[in-house]
Amino acid sequence: IYTLSLHDALPIWLQVAEDSLVAPGGKINRTFLAAVRSEVDYARQRGLVVVLNAQSQNDLDADQETMPTHRTIAFWQSLTHYYGTDPSVIFDIYNEPGKAGSWSFWRNGGWRNGIHFYGMQQVAGSIRRHGGRNLLWVEGRGKGTTLDQAWAYRLRGVDPLMYAEHRPGGPHTKANWDRVFGYLAAKNLAPVLDGEWANYARGGGAWWACWPDAPRSVPRWLNYLAGRHIGLIVTSMTAGQLIQPAGTDDPTHIKPNWSCTSGLNQGAGNQIRNWFSRQNT
């Protein structure tokens, strides 16, 4: 489960596996499509805004783990047919573009190792040509970690859209965050959000999940987002990350003795919950 602070809306972000919806030849799996529609309908009936995300990182085909392919185009054609005129459904057009290589390739696509990859401009354009009027989210290069040149290579003629980044790298400072993505908001160039973030101890070398200076940097980060009026998706309602095992009303806490080691009470759930509460008051 994921949530977003974006004006007065309460969206939920659903990652939908491309290879489960679209076969290599482009055929739609109707059973899986029905399951997706059922989940979207369930959320919509409860007043939630739904963000649908094309997810290919865990797909069986190696070519689907880098940039959009013909399956991504078919993916959005299918979902646009059902949700393309629903203003309460947002399309996050491709999760964490990986081996884009350059901002030009990210935007325009091209051929690599005999495979044709579509750029973000082409994916967004296809959605619009097939009648999609939805708000689009467009993630940056480096698996979504940076939007530093997104405005120079901005998408054109496919509004409305927002740019999204995931877990910015570099020092935990306002100057770095402005450089990586916040300049879009600071200069009033385009709407922007952090589309995937949380802070929690996690083993296995998952550095991106854990800021060693969390007691100081997490409050600084949340204050930065609020100051720039930047939305946030947090991941996820899992024990040890945002909540304790006891239930969703028992958030994790970053304590003064924080360390990037495995431990139940080492997450930023309480800080994040309080932040959401302040944004909605």
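Basis of the calculations
- Residues numbered from 1 in each chain as written.
- Predicted model: local features only at pLDDT ≥ 70, side-chain atom pairs only at ≥ 80, totals over all residues.
- Heavy atoms only, no water.
- Helix = DSSP H or I, 4+ residues; strand = E, 2+ residues; numbered from the N terminus.
- Buried < 20%, exposed > 50% of the residue type's maximum accessible area, 1.4 Å probe, protein only.
- Contact = heavy atoms within 4.5 Å.
- Areas by Shrake-Rupley, 256 points an atom, 1.4 Å probe, with all protein chains shown as cover.
- Lys, Arg positive; Asp, Glu negative; His and termini not counted.
- Charge placed at Lys NZ, Arg CZ, Asp CG, Glu CD.
- pLDDT = per-residue confidence, 0-100.
- Phe/Tyr/Trp six-rings, centres within 6.5 Å; stacked < 30°, edge-to-face > 60°.
- Lys NZ or Arg CZ within 6 Å of the ring centre and 35° of its normal.

**Describing the overall build of the chain**
Here comes step 1: What the chain contains, in helices and strands, is 9 helices and 10 strands.
Here comes step 2: In terms of overall dimensions, the chain has C-alpha extents of about 55 × 40 × 40 Å along its principal axes.
Here comes step 3: Across the 281 residues that make up the chain, the buried fraction comes to 52%.
Here comes step 4: A fraction of 70% describes how many contacts in the chain between residues 6 or more apart in sequence connect residues 24 or more apart.
Here comes step 5: Of the roughly 12,600 Å² of accessible surface on the chain, 51% is carried by carbon and sulfur atoms.
Here comes step 6: One way to put it: in the chain the 27 positive side-chain charges average out to a point 5 Å from where the 22 negative ones average out.

**A short note on unusual backbone geometry**
Here comes step 1: That bond from Asp159 to Pro160 is cis: its omega, 5°, falls within 30 degrees of zero.
Here comes step 2: When you line up the elements, Pro160 lands in the loop between helix 6 (141-144) and strand 8 (161-166).
Here comes step 3: Unusually for a residue other than glycine, Lys143 sits at a positive phi of about 60°.
Here comes step 4: Here Lys143 lies in helix 6.
Here comes step 5: Of note, the phi angle at His229 is positive, near 55°, even though the residue is not glycine.

**A look at helix 5 (residues 120-129)**
Here comes step 1: Judged by how many residues are buried, helix 5 sits mostly within the fold: 8 of 10 residues are covered.
Here comes step 2: Along helix 5, the residues that are buried comprise Met120, Gln121, Val123, Ala124, Gly125, Ser126, Ile127 and Arg128.
Here comes step 3: Buried residues in helix 5 make contact with helix 3 (70-83), strand 4 (89-92), helix 4 (103-108), strand 6 (115-118) and strand 7 (136-139).
Here comes step 4: One or two residues past the end of helix 5 sits Gly131, with phi positive at roughly 95°.

**Observations regarding the confidence of the model for the chain**
Here comes step 1: On average, residues of the chain carry a pLDDT of 89, and 90% of them reach 70 or more.
Here comes step 2: For residues 1-7, every residue scores under 50 in pLDDT, and the model assigns this stretch 33 contacts once sequence neighbours within four places are set aside.

**Side note on the packing of aromatic side chains**
Here comes step 1: One pass over the structure, following the stated rule, counts 15 aromatic pairs.
Here comes step 2: Ring centres of Trp76 and Phe91 lie 4.6 Å apart, and the angle between their planes is 35°; this geometry places the pair in the tilted category. Pair noted here: Trp76 is in helix 3 and Phe91 is in strand 4, with a separation of 15 residues, a long-range link. Comparing Trp76 with Phe91 shows no difference in burial state: the two are buried.
Here comes step 3: For the pair Trp177 and Trp221, a centre-to-centre distance of 4.9 Å together with 70° between the ring planes defines the contact as edge-to-face. Residue Trp177 is located in helix 7 (residues 174-186), and its partner Trp221 is located in helix 8 (residues 214-228); the two are separated by 44 residues in the primary sequence.
Here comes step 4: Relative accessible area serves as the criterion here: at 0%, Trp177 is assigned to the buried category.
Here comes step 5: On the basis of relative accessible area, Trp221 is assigned to the buried category, the value being 0%.
Here comes step 6: Looking at Arg112, its charged tip hangs above the ring of Phe105, at a distance of 4.2 Å from the centre.

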